[in-house]
Amino acid sequence: MTKITLEVNGKKVSKDVADHTLLSVFLRDNLNLTGTHVGCDTSQCGACVVHVNGKSIKSCSTLAADIDGSKVTTIEGLAKDGKLHPMQEAFKKTHGLQCGFCTPGMVMSAVDLLQTKKNPSEQEIREWLEGNICRCTGYQNIVAAVKDASTKM
Amino acid sequence: MASLVGSRVERKEDGRFLQGKGRYTADINIANQTYAIFVRSPHARAKIKSVDTSKALKSSGVVGVLTGKEIAEDKIGGLIAGWAIRSEDGSEMKVPANPPLAKDVANFVGEPIAVVFAETLDEAKEGAEKVKVDYKVLKAVVDPADAMKSEAIHDGVDKNLCYDWLLGDRKAVDEAFAKADKIIKVDLINNRLVPNAMEPRACVVDYNTASEEITLYTTSQNPHLSRLVMSAFGGVAPENKLRVVAPDVGGGFGSKINVYNEEIVCSWASKKIERPIKWVAERTESFLTDTHGRDHVTHAELAVTKEGKFLGFKNETIANLGAYARVFGTVTPTYLFGPCATGVYVIPAAYSNVKAVYTNTAPVDAYRGAGRPEATYTIERLVEKAAMELGIDKTEIRMKNFPTEFPFKQTLVHTVDSGDYVAGLEKAKQMADYAGFEARRKKSEVNGKLRGIGVSSYFEACGIAPSAAVMSLGCGVGLWESAEVRFNPTGQISVFTGAHSHGQSHQTTFAQIAADELGVPMENIDVVHGDTDKGTFGMGTYGSRSLTVGGIAIVNACKKIVAKGKRVAAKMLEVNEDEIEFKDGEFVALKSNKKKTIGEIAFACYLPGQRDEMKSPIPEGDEPGLIESSFFDPANFSFPAGSHICEVEIDPDTGNVKVEKYTAVDDFGRIVNPMIVEGQVHGGIAQGIGQALHENTQYDETGQLMTASYMDYTMPRADNFPEFNLGFTCTHATSNPLGVKGCGEAGAIASPPTVMNAVIDALGGQEISMPATAEKVWKACKTLKKSNAKAA
């Protein structure tokens, strides 16, 4: 067991965790932040993407103990003061989600894209999202959402 | 008031999904829960000689271990086939028992043998490692084409044959073929796919020792049907002691229709160990045990005149059912496949013969389109090949054989109520700039690339119902749908539907429909689904039936609310009922122009009286309250149709196929929410392109699944697609009052042949099987180069 301290969605948390605890498990089981989803066992699907110190990572392949002292933002922490983040607004406007399962990871990944590159091209958006699988939308409206958000972020 | 039906209304669902507030089964935890891990067969076919649980039972944290022996002793029934299909010779189909935990023999890799419950997930995993199963490995039957020649894997199922089914008239077909100028032939493999809903299957079971009620939270497309099957066939609990909740469900595509082993076992076991149980599939378990889709081996022929008129069609198919026949397993390759295999064409004579075989692979069942993608692939490959061999333009040959009058009596079963196939194809040609293709082909050639164009015209029978028709064909249940509209005293409305949304946006579209019918704002309406303790019995969502069946039940229940409202308003306004008009949420007395809003009427229905006056607003013969329900059973299937056109560019040096343009023109009748329909089409096309170019489920010769993770099974990604270009034509369905047709599966039905026709066009007509991977295409490019060199 290791005691770790993180700042998760602006709140400080300290917990004892088993050394092999994945960040995705820690968020879901220890903090009840079930917005972070797990869709595969091989780090492919991207449903578990969160931000650690502002950068997107796959929480299913990150040990909680490894990021001790970091700032974590999950999908639950994206809206501020009851107002949706521009990326969340854009997904709603363009119908960038259907069943909603891949959505948290998709949104967190897309937010990081726009932090990394302003006004990406359609091809750049599609390539960036290569690590996030969606089975419902055919990606078209997700790409449209990212384009829409890029004019507002 | 402007109509909401037809508007691009943003979704009510999105607020919670976008903020991580969705509540999927794996998000649910119950105090004192145990964790389940299943011990699964590592062999495709093996005798189970013994199962030793003694070490597992002593393992740290293990609460219980159960096997096929205990479940048999408790007489818990197995999984079922939902449709009874008869062979051509009149004999009934052969269906083996499918126990929830295999006791004597395992028939596919991943089949559950035992289950371990423990205090933590890690302890359950460790316990499962300690269950010792002694197997005698047997030779597995894997290839469907060889199954009939192989040793029988189930007792009493000769030649591994479930049925040998025929639809159509062989003699008439022979006569038609005798008159033909040319016979076009194809040999096709419709590749096996894994549906891959992004949310893995899961269940959480809570047994209440006081009330003896079991609550099962599960990833189901049809919770009522799950309850029915578990109660009637499984004997897990009486229906009134079993509550099934399918909360937010992360995609289904057919793979969450079946009641699965794990749900039955955990529900039964929760009562046995008197503890709540949680089970969540890992992705590899999903690959191994979710029902798969497609997997046909087909030989088909089309008899044509030299002018390109179609005379006859024959279809000989071997369909792989996998190890067991499941809910839609037996109907998917028969009534959902055979009739649609003649496509959108007038073909005077046709038959479909399907031999369904058992193999030691995961069960095959409905996957988005279920039978209709296989049908469309068969006929549209034939038609495209006919155009090529006859030297007729590929759109012209289709136009020549389209029916021009509706209702169109299709050759094998269906009477298609409405459509305009010519308009659809014309529009697709225009949107795709079909006329400009040759110039684009030349341009690609200059760059050393091969460009091809493919067309596919389709119709499909969906909105699965009507009950009498499907039950006459062997369906074990009626396929109506129910709705209940509860107008609450203070004006908010709860709409209960038996359909289930796992991405389809029912909370939005059904609210649009009800809002229009009742003349109230959409915000006042909540759509409730997915819980057998709430609302009436419902059949669930599959086969693009939610709107055409479930949506109409809502319309009808709303109409009953309005009818009662009229009676109440007439009494309150002291006029005859026929003098009341209902418009925009108000009941208006035509002569006096006095009015009552529907909210006032609802209030009066619940508070029927007033102080100091002995006067009720409720007319004689009516009861207080304002709740109405409807069970809608349509007169026919719905028949969406359309034409899709795809352009691909192939790099002959790498074999890489790039989808350059994709145009889809569909006729879904009246559209409730264009934004949502477009989303459905995008997703369907993406899955179909996945089938055509990327996805393949591969077993090796011993029955090991070689593609059991996202490292091995190619899921389409964002950068595999261009922007799809969508168009719509509209002919209203006549089988329902809204004029709507199903839209959920069309994209996946039309796109595989569209893409493959384009690839084959680029390869100069060389046949190539799905998926057209870079390796296969590269080899075909080499062959093409050789034959071109020879010709030169």
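Once a new chain begins, its residue numbering starts again from 1 and follows that chain's sequence as written. Starting at A for chains and at 1 for ligands, labels are handed out in the order in which the entities are written. Only residues with pLDDT of at least 70 are given local features in this predicted model, and only at 80 or more are side-chain atom pairs given and counted; all residues enter the totals for whole chains, interfaces and linings.

A.B. asks: Before we go on, may I ask you to explain the overall build of chain A in this structure?
C.D. replies: Helix and strand assignments come from DSSP, with helices taken as H or I runs of at least 4 residues and strands as E runs of at least 2, each series counted from the N terminus. When helices and strands are tallied, chain A shows 5 helices and 5 strands. Walking chain A from its N terminus toward its C terminus, one meets helices and strands in the order β-β-α-β-β-β-α-α-α-α. Radius of gyration here uses only the C-alpha atoms, and the compact-globule reference equals 2.2 Å multiplied by the residue count raised to the power 0.38. At 15 Å, chain A has a C-alpha radius of gyration in line with the 15 Å of a compact globule built from 153 residues. Here exposure depends only on C-beta density: within 10 Å of a residue's C-beta, 20 or more other C-beta atoms make it buried, 12 or fewer make it exposed, and intermediate numbers make it partly exposed, the C-beta atoms being placed from the backbone. Counting the 153 residues in chain A, one finds 55% classified as buried. A fraction of 60% describes how many contacts in chain A between residues 6 or more apart in sequence connect residues 24 or more apart. We call two residues in contact when the distance between their C-beta atoms, placed using the backbone, is within 7 Å.

A.B. asks: Quick question: what am I supposed to make of the sheet that holds strand 25 (residues 627–632) of chain B here?
C.D. replies: What links the strands of a sheet is backbone hydrogen bonding, and the strands pair in either a parallel or an antiparallel sense. Residue and element names in this part refer to chain B. Within the open sheet, the 4 strands sit side by side as 21-20-19-25. Their pairing is mixed. Strands with a single pairing partner mark the edges of an open sheet, and in this sheet they are strand 21 (525–528) and strand 25. Strand-to-strand twist of the sheet, defined as the mean angle between neighbouring strand axes without regard to direction, takes the value 15°. The pairing of strand 20 (residues 493–497) with strand 21 spans 4 bridges and is classified as parallel. Directly across from I493, in strand 21, lies its bridge partner I525. Comment: axis = line fitted to C-alpha atoms, over the contacting stretch for helices; angle = value between 0 and 180 degrees taken between N-to-C directions. Docked against the sheet, helix 15 (residues 506–518) engages strand 19 (481–487), strand 20 and strand 21, running at close to 130° with respect to strand 21. We treat two strands as partners when DSSP finds at least two bridges between them.

A.B. asks: Honestly, the interface of chain B and chain A in this entry has me stumped. Any pointers?
C.D. replies: Frequently, the measure chosen for interface size is the accessible area that the parts lose on association. On the side of chain A, 44 residues touch chain B, which itself brings 43 residues to the contact. The set of elements that each furnish at least two residues to the side of chain B that touches chain A consists of helix 1 (14–18), helix 9 (283–289) and helix 18 (674–694) of chain B. Take the side of chain B that touches chain A: its biggest share by element is 7 residues, from helix 18 of chain B.

A.B. asks: I'm lost on the domain arrangement of chain A in this one. Help?
C.D. replies: Residue and element names in this part refer to chain A. Domain boundaries assigned for chain A yield domain 1 (2–77) and domain 2 (86–150). Look at where the C-alpha atoms of domain 1 and domain 2 centre, and you get two points 21 Å apart. Between domain 1 and domain 2, the contact holds 15 residues from the first and 11 residues from the second. All amino acids are sorted into three groups, where Ala, Val, Leu, Ile, Met, Phe, Trp, Tyr, Cys and Pro are nonpolar, Asp, Glu, Lys and Arg are charged, and the leftover types, Gly among them, are polar. When grouped by side-chain class, the residues that make up the side of domain 1 that touches domain 2 number 6 nonpolar, 8 polar and 1 charged. The split into domains, and so the bounds of each, comes from an automatic or database assignment of domains.

A.B. asks: Please clarify how the confidence of the model for chain B should be interpreted in this entry.
C.D. replies: For any part of a model where pLDDT is low, the fine detail of the predicted coordinates should not be relied upon. Looking at chain B as a whole, the pLDDT averages 97, with 100% of positions reaching at least 70. At the level of chain-chain contacts, confidence expressed as ipTM amounts to 0.98, with global pTM at 0.98. Confidence scores per residue from the predictor, reported as pLDDT, run from 0 to 100.

A.B. asks: Can you walk me through the nonpolar core in this structure?
C.D. replies: Nonpolar side chains tend to gather and get buried jointly when the protein is soluble and globular. Residue and element names in this part refer to chain B. By convention the nonpolar core is taken to be a set of buried residues drawn from Ala, Val, Leu, Ile, Met, Phe, Trp, Tyr and Cys and joined through C-beta atoms within 7 Å. Counting 296 residues, the largest nonpolar core has V115, V116, A514, I554 and V759 as the members making the most contacts within it. Ranked by residues supplied to this core, first place goes to helix 16 (residues 546–573) with 13 residues. Dropping the residues within four chain positions of it, I554 is found in contact with A483, V485, V495, T497, F510, I513 and A514.

A.B. asks: Honestly, helix 2 (residues 86–94) of chain A in this entry has me stumped. Any pointers?
C.D. replies: Note that an α-helix has 3.6 residues per turn; residues three or four places apart therefore point the same way. For helix 2 of chain A, the complete set of buried residues consists of M87, Q88, A90, F91 and T94 of chain A. Taken end-on, helix 2 of chain A shows its buried residues confined to a sector of 160°, consistent with a single buried face. Summarising the contacts, the buried residues of helix 2 of chain A are in contact with helix 3 (103–116) and helix 5 (140–150) of chain A together with helix 1 of chain B. Starting at the helix axis, one direction is taken to each C-beta atom, and the arc is that of these directions.

A.B. asks: Explain the packing of helix 10 (residues 372–390) of chain B against helix 11 (residues 394–401) of chain B to me, please; I cannot follow it from the model alone.
C.D. replies: Any two packed helices are characterised by how steeply their axes cross, that is the angle between the axes, and by the distance between the axes. All names here are of chain B. Two numbers describe how helix 10 lies on helix 11: the axes approach to 9 Å, and their chain directions differ by 115°. The element helix 10 and its partner helix 11 pack so that their crossing is right-handed. On helix 11, the residues touching V383, E384, A386 and A387 of helix 10 are K394, I397 and R398. Class assignment of the residues belonging to the contact of helix 10 with helix 11 gives a composition of 4 nonpolar, no polar and 3 charged. If you view the pair so one helix is near and one far, a crossing is left-handed when the near helix is turned anticlockwise from the far one by less than a right angle, and right-handed when it is turned clockwise.

A.B. asks: Help me understand the sheet that holds strand 26 (residues 641–651) of chain B, please; the structure alone is not making it clear to me.
C.D. replies: Residues and elements named next belong to chain B. One open sheet holds the 4 strands; their spatial order is 18-26-27-28, and the pairing between them is mixed. Here the strands that pair on one side only, and so sit at the sheet edges, are strand 18 (450–459) and strand 28 (724–729). Taken pair by pair, the neighbouring strands of this sheet meet at an average axis angle of 15°, ignoring direction. Relative to strand 26, strand 18 runs antiparallel, the two sharing 10 bridges. Bridging across to strand 26, G454 finds its partner in C646.

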